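Read off the chains here:
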Amino acid sequence: LSQDPNAIDLNTPYESAYVNAGSASVSSLQAGTTYYAVVRPYNGYSYNHSKVYGAPSNVFELITCPDGEPVITYAGAVSTNSIQVAWNPVAGAAGYIVNYYRSDLNIDSAATVATADSAVVLSNLDKDCEYTVKVTPYRVSSNNVTALGSGTGNVYNVKVKPTKCTAPIVKNYFSYNN
């Protein structure tokens, strides 16, 4: 197990996990990090009591989830059909999945965008409505495996700019002439 795919010694395991099944767990890994590993089968002992190993696998990539929750720093209207949401970056995140939906509907109606930035403008929204936005950090491995972070930043009832403007009611209007 290594953070450098070229540093793996195929003859000496960095970390051993002896299992009888087809899976193993490795703990104490750093969040938001890419690791590389090999699997080398252990076949038992030889006649002189030395360990006998099979051929090692090819090097493969492991990724850990980003650690932390995006803290929403801004949410507000941009226009009558768009809003902007910004958040603090999460360590180890390659990007963010942003789910958004009208606050008067449920999450099943959510639309999704992905961004590498820590802010997004959501456009083509319904006018005169409020939106709920959820931001989740993620990482993607080189073979397109996605690891979602456990923390989600949420903001509720973000309003687009109103389209209906009402003029103030003026009472007791009079004209003054000299």
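Look a little higher up for the structure.
All of these numbers come straight from a predicted model, not from anything done at the bench.

The rules behind each value
Residues numbered from 1 in each chain as written. Predicted model: local features only at pLDDT ≥ 70, side-chain atom pairs only at ≥ 80, totals over all residues. Heavy atoms only, no water. Salt bridge = Lys/Arg side-chain N within 4 Å of Asp/Glu carboxyl O. Buried < 20%, exposed > 50% of the residue type's maximum accessible area, 1.4 Å probe, protein only. Helix = DSSP H or I, 4+ residues; strand = E, 2+ residues; numbered from the N terminus. Lys, Arg positive; Asp, Glu negative; His and termini not counted. Polar contact = N/O pair within 3.5 Å; in protein donor to acceptor, adjacent residues only side chain to side chain. Core = buried A, V, L, I, M, F, W, Y, C linked by side-chain atoms within 4.5 Å. Contact = heavy atoms within 4.5 Å.

## Some points on the pattern of salt bridges
Okay, so step 1: For the coordinates displayed, the defined rule picks out 3 salt bridges.
Okay, so step 2: A salt bridge links R102 to D104; its shortest N-O distance comes to 2.7 Å.
Okay, so step 3: The exposure class of R102 is partly exposed, given its relative accessible area of 22%.
Okay, so step 4: Across the salt bridge formed by D126 and R102, the nearest N and O atoms sit 3.0 Å from each other. With D126 in the loop between β9 (119-122) and β10 (130-140) and R102 in strand β7 (residues 95-102), this pair connects stretches of sequence that are 24 residues apart.
Okay, so step 5: Bridged by salt links that share partners, the residues R102, D104 and D126 form one connected network.

## Quick look at the side chain of R139
Okay, so step 1: Looking at the element boundaries, R139 is found in strand β10.
Okay, so step 2: Nearest to the buried, unbridged R139 among oppositely charged side chains is E61, at 6.4 Å.
Okay, so step 3: Side-chain polar atoms of R139 contact the backbone oxygen of T64, separated by 3.3 Å.

## Remarks on the nonpolar core
Okay, so step 1: The biggest cluster of nonpolar side chains holds 17 residues, and the ones touching the most others in it are I83, W87, V98, L122, L125, Y131 and V133.
Okay, so step 2: If you list the elements that add at least two residues to this core, you get β6 (82-87), β7, β9, β10 and β12 (153-159).
Okay, so step 3: Excluding residues that lie within four positions of it along the chain, I83 makes contacts with G76, A77, V78, V120, V121, L122, L125, Y131, V133, V158, K159 and V160.

## Some details on the environment of R139
Okay, so step 1: What makes R139 buried here is its relative accessible area of 12%.
Okay, so step 2: With 74 residues separating them along the chain, R139 and C65 place their C-alpha atoms 6.5 Å apart.
Okay, so step 3: Side-chain polar atoms of R139 contact the side chain of T34, separated by 2.4 Å.

## Quick look at unusual backbone geometry
Okay, so step 1: Positive phi, close to 60 degrees, is recorded for N124, a residue that is not glycine.
Okay, so step 2: Inspection of the secondary structure puts N124 in the loop between β9 and β10.
Okay, so step 3: You can call N124 exposed: its relative accessible area is 72%.
Okay, so step 4: At N144, a residue that is not glycine, the phi angle is positive and equals roughly 65 degrees.

## Quick word on the side chain of T136
Okay, so step 1: Along the chain, T136 falls in strand β10.
Okay, so step 2: If sequence neighbours within four positions are ignored, T136 has contacts with G95, Y96, I97, L148, G149, G151 and T152.

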